[in-house]
Amino acid sequence: MDQRAKPGMVLLAGNSHPSLAEEVARHLGVGVGSCLVYHNTNRETMVDIQESVRGKDVYILQTAARNVNDIIMELLIMAYACKTSNCKNIIGVLPCLPYSQQTKMKRRGNISLKLVADMCVKAGFDHIITLDLHSKESQAFFSCRMDNLRASPFFLQYIIEHVPDYHNAVIVAKSPLGARRATSFADRLRLGIAVLHGEFKDLCVDERDEDDGRASPPPPDQAVPDRTRIYTIGPPLPPGFSKEKPPIYLVGDVSGKTAIMVDDIIDDAKSFVNAAQVLKDNGACKVYAMATHGILSRDAAKLIEESCIDEVVVTNSVPHDTQKSKTKKIKTVDVSILLAEAIRRIHNKESMSHLFRNVTMED
(Lines give C-alpha, C1' and ligand atoms only; values in the text may rest on other atoms or scores of the structure.)
Protein backbone atom coordinates (compact mmCIF):
# COMPACT_ATOMS: atom_id res chain seq x y z
CA MET A 1 0.00 0.00 0.00
CA ASP A 2 1.23 3.51 -0.88
CA GLN A 3 2.44 5.64 2.02
CA ARG A 4 -0.15 8.27 1.08
CA ALA A 5 -2.95 5.85 1.98
CA LYS A 6 -3.55 6.38 5.66
CA PRO A 7 -5.16 3.67 7.75
CA GLY A 8 -8.72 4.24 8.76
CA MET A 9 -9.96 5.14 5.29
CA VAL A 10 -12.32 3.13 3.08
CA LEU A 11 -13.29 4.05 -0.48
CA LEU A 12 -16.62 2.60 -1.62
CA ALA A 13 -18.31 2.95 -4.99
CA GLY A 14 -21.83 2.45 -6.28
CA ASN A 15 -22.75 1.23 -9.76
CA SER A 16 -22.68 4.63 -11.46
CA HIS A 17 -19.01 4.91 -12.47
CA PRO A 18 -16.77 1.94 -11.47
CA SER A 19 -13.89 2.97 -13.76
CA LEU A 20 -13.60 6.40 -12.14
CA ALA A 21 -13.57 4.77 -8.70
CA GLU A 22 -10.73 2.50 -9.80
CA GLU A 23 -8.72 5.48 -11.09
CA VAL A 24 -9.21 7.43 -7.88
CA ALA A 25 -8.21 4.38 -5.82
CA ARG A 26 -5.11 3.91 -7.98
CA HIS A 27 -3.99 7.50 -7.32
CA LEU A 28 -4.55 7.02 -3.60
CA GLY A 29 -2.71 3.70 -3.55
CA VAL A 30 -5.67 1.82 -2.09
CA GLY A 31 -8.22 -0.62 -3.40
CA VAL A 32 -11.93 0.02 -3.82
CA GLY A 33 -13.70 -1.34 -0.75
CA SER A 34 -15.80 -4.47 -0.96
CA CYS A 35 -19.44 -3.44 -1.28
CA LEU A 36 -22.26 -5.24 -3.07
CA VAL A 37 -24.98 -2.98 -4.50
CA TYR A 38 -27.76 -4.64 -6.47
CA HIS A 39 -31.50 -4.61 -7.12
CA ASN A 40 -33.96 -7.10 -5.73
CA THR A 41 -36.52 -8.80 -7.98
CA ASN A 42 -38.98 -5.97 -7.26
CA ARG A 43 -36.29 -3.33 -8.07
CA GLU A 44 -35.63 -2.41 -4.45
CA THR A 45 -32.01 -1.37 -3.89
CA MET A 46 -29.97 -3.75 -1.73
CA VAL A 47 -26.60 -2.88 -0.17
CA ASP A 48 -24.15 -5.21 1.56
CA ILE A 49 -20.96 -3.64 3.00
CA GLN A 50 -18.60 -6.60 2.95
CA GLU A 51 -15.81 -5.21 5.12
CA SER A 52 -15.55 -3.47 8.46
CA VAL A 53 -16.02 0.30 8.47
CA ARG A 54 -16.25 0.74 12.24
CA GLY A 55 -14.41 3.88 13.35
CA LYS A 56 -13.21 4.66 9.80
CA ASP A 57 -13.66 7.54 7.36
CA VAL A 58 -15.80 6.22 4.51
CA TYR A 59 -15.68 7.88 1.09
CA ILE A 60 -18.58 6.94 -1.20
CA LEU A 61 -18.10 7.72 -4.89
CA GLN A 62 -21.27 8.06 -6.94
CA THR A 63 -22.16 10.30 -9.88
CA ALA A 64 -25.23 11.28 -11.90
CA ALA A 65 -25.29 8.76 -14.71
CA ARG A 66 -28.21 7.35 -16.69
CA ASN A 67 -30.58 5.96 -14.05
CA VAL A 68 -30.23 8.93 -11.74
CA ASN A 69 -33.04 7.94 -9.37
CA ASP A 70 -31.54 4.48 -8.81
CA ILE A 71 -28.18 6.16 -8.25
CA ILE A 72 -29.60 8.41 -5.54
CA MET A 73 -31.15 5.47 -3.70
CA GLU A 74 -27.88 3.53 -3.92
CA LEU A 75 -26.04 6.54 -2.49
CA LEU A 76 -28.45 7.08 0.39
CA ILE A 77 -28.68 3.41 1.37
CA MET A 78 -24.89 2.98 1.21
CA ALA A 79 -24.45 5.99 3.49
CA TYR A 80 -27.08 4.76 5.91
CA ALA A 81 -25.52 1.27 5.95
CA CYS A 82 -22.17 2.80 6.90
CA LYS A 83 -23.80 5.02 9.53
CA THR A 84 -25.49 2.07 11.21
CA SER A 85 -22.15 0.19 11.07
CA ASN A 86 -20.59 2.86 13.34
CA CYS A 87 -18.18 4.45 10.89
CA LYS A 88 -16.46 7.67 11.97
CA ASN A 89 -17.30 10.01 9.05
CA ILE A 90 -19.14 9.62 5.74
CA ILE A 91 -17.87 11.72 2.86
CA GLY A 92 -19.76 11.70 -0.44
CA VAL A 93 -17.66 12.09 -3.60
CA LEU A 94 -20.23 13.20 -6.18
CA PRO A 95 -18.45 14.61 -9.25
CA CYS A 96 -21.77 15.28 -10.99
CA LEU A 97 -24.35 16.02 -8.33
CA PRO A 98 -27.78 14.50 -9.10
CA TYR A 99 -30.56 17.06 -9.62
CA SER A 100 -27.99 19.89 -9.56
CA GLN A 101 -29.86 21.76 -12.32
CA GLN A 102 -33.12 21.89 -10.37
CA THR A 103 -32.35 24.93 -8.22
CA LYS A 104 -35.09 27.35 -9.27
CA MET A 105 -38.82 27.42 -8.67
CA LYS A 106 -40.83 27.09 -11.88
CA ARG A 107 -44.60 27.54 -11.94
CA ARG A 108 -45.98 25.38 -9.13
CA GLY A 109 -42.97 23.11 -9.07
CA ASN A 110 -40.28 22.73 -6.45
CA ILE A 111 -36.55 23.00 -5.88
CA SER A 112 -35.69 19.31 -6.02
CA LEU A 113 -32.02 19.73 -5.14
CA LYS A 114 -33.01 20.99 -1.69
CA LEU A 115 -34.87 17.71 -1.09
CA VAL A 116 -31.86 15.70 -2.30
CA ALA A 117 -29.59 17.71 0.00
CA ASP A 118 -31.83 17.06 3.01
CA MET A 119 -31.93 13.34 2.24
CA CYS A 120 -28.14 13.14 1.95
CA VAL A 121 -27.66 14.78 5.35
CA LYS A 122 -30.37 12.62 6.91
CA ALA A 123 -28.72 9.47 5.51
CA GLY A 124 -25.54 10.36 7.40
CA PHE A 125 -23.24 12.39 5.14
CA ASP A 126 -20.86 14.66 7.03
CA HIS A 127 -19.12 16.11 3.98
CA ILE A 128 -19.81 16.35 0.23
CA ILE A 129 -17.20 16.73 -2.51
CA THR A 130 -18.53 17.76 -5.91
CA LEU A 131 -17.24 19.23 -9.16
CA ASP A 132 -18.43 22.38 -10.97
CA LEU A 133 -21.90 22.75 -9.51
CA HIS A 134 -24.44 24.11 -11.99
CA SER A 135 -25.35 26.80 -9.45
CA LYS A 136 -22.73 27.56 -6.82
CA GLU A 137 -25.33 29.11 -4.52
CA SER A 138 -26.95 25.68 -4.17
CA GLN A 139 -24.17 24.71 -1.75
CA ALA A 140 -26.32 26.45 0.85
CA PHE A 141 -28.92 23.69 0.49
CA PHE A 142 -26.58 21.30 2.29
CA SER A 143 -26.31 21.57 6.07
CA CYS A 144 -23.06 19.58 6.01
CA ARG A 145 -19.58 20.62 4.90
CA MET A 146 -19.15 20.94 1.16
CA ASP A 147 -16.28 21.42 -1.32
CA ASN A 148 -17.06 22.42 -4.90
CA LEU A 149 -13.95 21.60 -6.92
CA ARG A 150 -13.18 23.19 -10.32
CA ALA A 151 -12.20 21.50 -13.58
CA SER A 152 -11.15 24.70 -15.36
CA PRO A 153 -7.36 24.13 -14.94
CA PHE A 154 -7.70 20.84 -16.85
CA PHE A 155 -9.53 22.57 -19.71
CA LEU A 156 -7.03 25.41 -19.85
CA GLN A 157 -4.21 22.89 -20.08
CA TYR A 158 -6.08 21.01 -22.81
CA ILE A 159 -6.53 24.19 -24.84
CA ILE A 160 -2.85 25.06 -24.59
CA GLU A 161 -1.65 21.55 -25.48
CA HIS A 162 -4.25 20.32 -27.98
CA VAL A 163 -5.89 23.29 -29.73
CA PRO A 164 -3.72 24.29 -32.72
CA ASP A 165 -2.79 27.98 -32.71
CA TYR A 166 -4.92 28.65 -29.67
CA HIS A 167 -3.67 32.25 -29.60
CA ASN A 168 -6.03 32.81 -32.56
CA ALA A 169 -9.03 31.53 -30.61
CA VAL A 170 -12.07 33.16 -29.05
CA ILE A 171 -13.81 31.92 -25.91
CA VAL A 172 -17.57 31.81 -26.51
CA ALA A 173 -20.44 31.89 -24.04
CA LYS A 174 -23.48 30.30 -25.65
CA SER A 175 -25.74 32.47 -23.49
CA PRO A 176 -25.31 35.71 -21.52
CA LEU A 177 -25.52 33.68 -18.29
CA GLY A 178 -22.25 31.97 -19.23
CA ALA A 179 -20.38 35.20 -19.99
CA ARG A 180 -18.64 35.29 -16.61
CA ARG A 181 -17.27 31.76 -17.08
CA ALA A 182 -16.11 32.63 -20.61
CA THR A 183 -14.45 35.81 -19.34
CA SER A 184 -12.61 33.84 -16.65
CA PHE A 185 -11.20 31.44 -19.27
CA ALA A 186 -10.35 34.25 -21.69
CA ASP A 187 -8.52 36.35 -19.09
CA ARG A 188 -6.19 33.49 -18.14
CA LEU A 189 -5.50 32.56 -21.76
CA ARG A 190 -5.18 36.22 -22.87
CA LEU A 191 -7.94 35.76 -25.46
CA GLY A 192 -11.05 37.64 -26.52
CA ILE A 193 -14.63 36.57 -25.87
CA ALA A 194 -17.89 36.40 -27.80
CA VAL A 195 -21.43 35.91 -26.51
CA LEU A 196 -24.47 34.36 -28.16
CA HIS A 197 -27.71 36.08 -27.26
CA GLY A 198 -31.33 35.16 -28.01
CA GLU A 199 -32.85 31.78 -28.69
CA PHE A 200 -34.06 29.52 -31.44
CA LYS A 201 -37.82 29.77 -31.72
CA ASP A 202 -39.75 26.60 -31.03
CA LEU A 203 -42.85 25.99 -33.15
CA CYS A 204 -44.60 24.38 -30.17
CA VAL A 205 -46.67 26.93 -28.26
CA ASP A 206 -46.96 26.45 -24.53
CA GLU A 207 -50.65 26.88 -23.76
CA ARG A 208 -50.38 26.13 -20.05
CA ASP A 209 -50.45 29.83 -19.19
CA GLU A 210 -54.00 30.01 -20.49
CA ASP A 211 -55.49 27.26 -18.35
CA ASP A 212 -53.37 27.07 -15.19
CA GLY A 213 -55.64 29.27 -13.09
CA ARG A 214 -53.56 32.44 -13.30
CA ALA A 215 -56.54 34.38 -14.76
CA SER A 216 -58.47 34.17 -11.44
CA PRO A 217 -60.34 35.81 -9.85
CA PRO A 218 -63.15 35.81 -12.45
CA PRO A 219 -64.19 39.08 -14.14
CA PRO A 220 -66.71 41.18 -12.23
CA ASP A 221 -69.38 41.29 -14.92
CA GLN A 222 -71.21 38.17 -13.81
CA ALA A 223 -74.95 37.74 -14.21
CA VAL A 224 -75.44 36.87 -10.53
CA PRO A 225 -72.50 38.26 -8.56
CA ASP A 226 -71.42 36.42 -5.44
CA ARG A 227 -71.71 38.98 -2.60
CA THR A 228 -69.27 36.97 -0.45
CA ARG A 229 -66.36 37.64 -2.77
CA ILE A 230 -64.43 40.80 -3.62
CA TYR A 231 -63.80 41.12 -7.35
CA THR A 232 -62.09 44.48 -7.60
CA ILE A 233 -59.98 46.74 -5.40
CA GLY A 234 -59.96 49.85 -7.57
CA PRO A 235 -57.52 50.69 -10.38
CA PRO A 236 -56.17 47.63 -12.22
CA LEU A 237 -52.64 46.40 -11.62
CA PRO A 238 -50.00 47.18 -14.27
CA PRO A 239 -50.29 44.57 -17.02
CA GLY A 240 -46.58 43.84 -17.14
CA PHE A 241 -44.70 42.70 -20.21
CA SER A 242 -43.80 39.14 -21.06
CA LYS A 243 -40.11 38.35 -21.44
CA GLU A 244 -39.33 37.43 -25.00
CA LYS A 245 -35.85 36.76 -26.29
CA PRO A 246 -34.89 37.87 -29.79
CA PRO A 247 -33.69 35.43 -32.46
CA ILE A 248 -30.18 34.25 -31.69
CA TYR A 249 -27.30 36.47 -32.75
CA LEU A 250 -23.57 36.81 -32.01
CA VAL A 251 -21.95 39.60 -30.02
CA GLY A 252 -18.26 39.61 -30.89
CA ASP A 253 -16.00 38.61 -33.78
CA VAL A 254 -15.13 34.99 -34.59
CA SER A 255 -14.35 35.39 -38.29
CA GLY A 256 -11.29 33.36 -39.23
CA LYS A 257 -10.78 32.23 -35.63
CA THR A 258 -11.20 29.10 -33.53
CA ALA A 259 -14.34 29.34 -31.40
CA ILE A 260 -14.23 27.55 -28.03
CA MET A 261 -17.57 27.27 -26.23
CA VAL A 262 -17.36 26.64 -22.47
CA ASP A 263 -20.12 25.49 -20.13
CA ASP A 264 -20.64 23.23 -17.12
CA ILE A 265 -23.01 20.61 -18.62
CA ILE A 266 -23.66 19.24 -22.08
CA ASP A 267 -26.84 17.15 -22.00
CA ASP A 268 -28.82 16.57 -25.19
CA ALA A 269 -26.32 18.79 -27.12
CA LYS A 270 -28.99 20.66 -29.12
CA SER A 271 -28.03 24.08 -27.77
CA PHE A 272 -24.35 23.42 -28.55
CA VAL A 273 -25.14 22.23 -32.07
CA ASN A 274 -27.31 25.27 -32.78
CA ALA A 275 -24.70 27.62 -31.34
CA ALA A 276 -21.95 25.98 -33.40
CA GLN A 277 -23.94 26.56 -36.58
CA VAL A 278 -24.28 30.27 -35.75
CA LEU A 279 -20.53 30.47 -35.11
CA LYS A 280 -19.77 28.78 -38.43
CA ASP A 281 -22.17 31.12 -40.22
CA ASN A 282 -20.22 34.02 -38.71
CA GLY A 283 -16.92 32.76 -40.10
CA ALA A 284 -15.42 30.60 -37.35
CA CYS A 285 -12.88 28.20 -38.87
CA LYS A 286 -13.19 25.61 -36.07
CA VAL A 287 -15.64 25.10 -33.22
CA TYR A 288 -14.81 23.36 -29.93
CA ALA A 289 -17.33 22.63 -27.17
CA MET A 290 -16.03 22.14 -23.64
CA ALA A 291 -18.16 21.13 -20.65
CA THR A 292 -17.33 19.56 -17.31
CA HIS A 293 -20.17 17.03 -17.25
CA GLY A 294 -20.77 15.17 -20.50
CA ILE A 295 -24.17 13.63 -19.78
CA LEU A 296 -24.85 13.31 -23.54
CA SER A 297 -28.37 11.95 -23.23
CA ARG A 298 -30.73 10.74 -25.99
CA ASP A 299 -29.21 11.15 -29.48
CA ALA A 300 -26.50 13.59 -28.40
CA ALA A 301 -23.68 11.55 -29.93
CA LYS A 302 -25.47 11.36 -33.27
CA LEU A 303 -26.22 15.10 -33.22
CA ILE A 304 -22.58 15.89 -32.48
CA GLU A 305 -21.35 13.60 -35.26
CA GLU A 306 -23.65 15.23 -37.82
CA SER A 307 -23.03 18.80 -36.60
CA CYS A 308 -20.38 21.32 -37.53
CA ILE A 309 -18.73 20.97 -34.10
CA ASP A 310 -15.14 19.85 -34.64
CA GLU A 311 -14.50 18.53 -31.13
CA VAL A 312 -16.35 18.06 -27.84
CA VAL A 313 -14.19 17.95 -24.70
CA VAL A 314 -15.66 16.69 -21.43
CA THR A 315 -14.30 15.26 -18.20
CA ASN A 316 -14.83 11.71 -16.97
CA SER A 317 -17.12 12.90 -14.16
CA VAL A 318 -19.88 10.97 -15.94
CA PRO A 319 -19.39 7.69 -17.87
CA HIS A 320 -19.81 8.18 -21.62
CA ASP A 321 -18.00 5.27 -23.26
CA THR A 322 -21.12 4.31 -25.22
CA GLN A 323 -21.43 7.79 -26.68
CA LYS A 324 -17.72 7.91 -27.56
CA SER A 325 -18.10 4.72 -29.55
CA LYS A 326 -20.61 6.50 -31.83
CA THR A 327 -18.43 9.48 -32.72
CA LYS A 328 -14.74 10.32 -32.75
CA LYS A 329 -15.41 13.95 -31.93
CA ILE A 330 -15.74 13.37 -28.16
CA LYS A 331 -12.53 13.69 -26.15
CA THR A 332 -12.15 13.03 -22.42
CA VAL A 333 -10.12 14.86 -19.80
CA ASP A 334 -9.29 12.77 -16.73
CA VAL A 335 -10.08 14.52 -13.41
CA SER A 336 -9.61 11.48 -11.16
CA ILE A 337 -6.37 12.89 -9.76
CA LEU A 338 -8.24 16.01 -8.59
CA LEU A 339 -10.80 13.91 -6.71
CA ALA A 340 -8.05 11.73 -5.25
CA GLU A 341 -6.08 14.74 -4.02
CA ALA A 342 -9.20 16.18 -2.42
CA ILE A 343 -9.82 12.89 -0.61
CA ARG A 344 -6.20 12.71 0.54
CA ARG A 345 -6.23 16.26 1.90
CA ILE A 346 -9.53 15.82 3.71
CA HIS A 347 -8.42 12.54 5.27
CA ASN A 348 -5.09 14.04 6.39
CA LYS A 349 -6.85 17.21 7.62
CA GLU A 350 -4.83 19.38 5.25
CA SER A 351 -5.90 22.67 3.72
CA MET A 352 -7.98 22.48 0.52
CA SER A 353 -6.93 25.94 -0.65
CA HIS A 354 -4.14 24.49 -2.83
CA LEU A 355 -6.80 22.97 -5.10
CA PHE A 356 -8.27 26.42 -5.73
CA ARG A 357 -5.07 28.16 -6.79
CA ASN A 358 -5.63 30.54 -9.72
CA VAL A 359 -9.29 29.50 -9.79
CA THR A 360 -11.85 32.28 -9.93
CA MET A 361 -15.36 32.33 -8.51
CA GLU A 362 -16.74 32.51 -12.05
CA ASP A 363 -15.39 29.08 -13.08
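Residues numbered from 1 in each chain as written. Predicted model: local features only at pLDDT ≥ 70, side-chain atom pairs only at ≥ 80, totals over all residues. Heavy atoms only, no water.

Things to note about the packing of aromatic side chains
Evaluated as defined, the whole model comprises zero aromatic pairs. It is Lys174 that lies over the ring of Phe272; its NZ or CZ is 4.8 Å from the centre. The ring of Phe185 is capped by Arg188, whose NZ or CZ atom sits 5.9 Å from the centre of that ring. (Phe/Tyr/Trp six-rings, centres within 6.5 Å; stacked < 30°, edge-to-face > 60°. Lys NZ or Arg CZ within 6 Å of the ring centre and 35° of its normal.)

Comments concerning the layout of surface pockets
What the second largest pocket holds in volume is close to 330 Å³. Every residue lining the second largest pocket is counted, 13 residues in all, and those nearest its centre are Pro153, Leu338, His354, Leu355 and Arg357. Of all the secondary structure elements, the ones that give two or more residues to the lining of the second largest pocket are helix H4 (152–162) and helix H10 (336–347). Taken together, the residues of the lining of the second largest pocket sort by class into seven nonpolar, two polar and four charged. (1 Å grid on protein atoms, 1.4 Å probe; cavity = no way out; pocket = protein on both sides within 12 Å on 5 of 7 lines; lining within 4 Å. Points joined across faces, edges and corners; volume = space filled by probe spheres on them. Helix = DSSP H or I, 4+ residues; strand = E, 2+ residues; numbered from the N terminus. Nonpolar A, V, L, I, M, F, W, Y, C, P; charged D, E, K, R; others polar.)

Digging into helix H3 (residues 112–123)
End to end, H3 covers 17 Å across twelve residues, agreeing with the expected 16 Å (1.5 Å per residue, within 8%). Restricting attention to buried positions, one finds in H3 the residues Ser112, Leu113, Val116, Ala117, Cys120 and Ala123. Looking down the long axis of H3, one finds its buried residues gathered within 140° of arc, a one-sided arrangement. In this structure, H3 carries Leu115 and Lys122 as exposed residues pointing more than 90 degrees from its buried face. Of the surrounding elements, those touching the buried residues of H3 are helix H2 (68–84). Among the residues trailing H3, Gly124 stands out with phi positive, at a value near 125°. (Expected span 1.5 Å × (residues − 1). Buried < 20%, exposed > 50% of the residue type's maximum accessible area, 1.4 Å probe, protein only. Arc of directions from axis to C-beta. Contact = heavy atoms within 4.5 Å.)

Some words on the packing of helix H1 (residues 18–28) against H10
Viewed as axis vectors pointing N to C, H1 and H10 meet at an angle of 55°, and their least axial separation amounts to 8 Å. Overall, the two elements H1 and H10 adopt an arrangement that is oblique. Seen from above, H1 lies across H10 with right-handed handedness. Between H1 and H10, the contacting residues are Leu20, Glu23, Val24, His27 and Leu28 on the first element and Ser336, Ile337, Leu339, Ala340, Ile343 and Arg344 on the second. Looking at the contact of H1 with H10 residue by residue, the class counts come to seven nonpolar, two polar and two charged. (Axes fitted to C-alpha atoms, helices over the stretch in contact; angles between N-to-C directions. Parallel < 35°, antiparallel > 145°, perpendicular 65-115°, else oblique. Left-handed = near helix turned anticlockwise from the far one by under 90°.)

Re the sheet that holds strand S7 (residues 145–149)
Taken in spatial order, the five strands line up as S1-S4-S5-S6-S7 in an open sheet, and their pairing is parallel. With partners counted over all chains shown, the strands left at the sheet margins are strand S1 (9–13) and S7, one partner each. Ignoring strand direction, the axes of neighbouring strands in this sheet form an average angle of 15°. As paired strands, strand S6 (residues 127–131) and S7 are joined by five bridges and run parallel to one another. The residue bridging Ile129 from the neighbouring strand is Asp147, located in S7. Sitting on the sheet, H10 is in contact with S1, strand S4 (57–61), strand S5 (89–94), S6 and S7, with an inclination near 155° to S6. (Pairing = 2+ DSSP bridges.)

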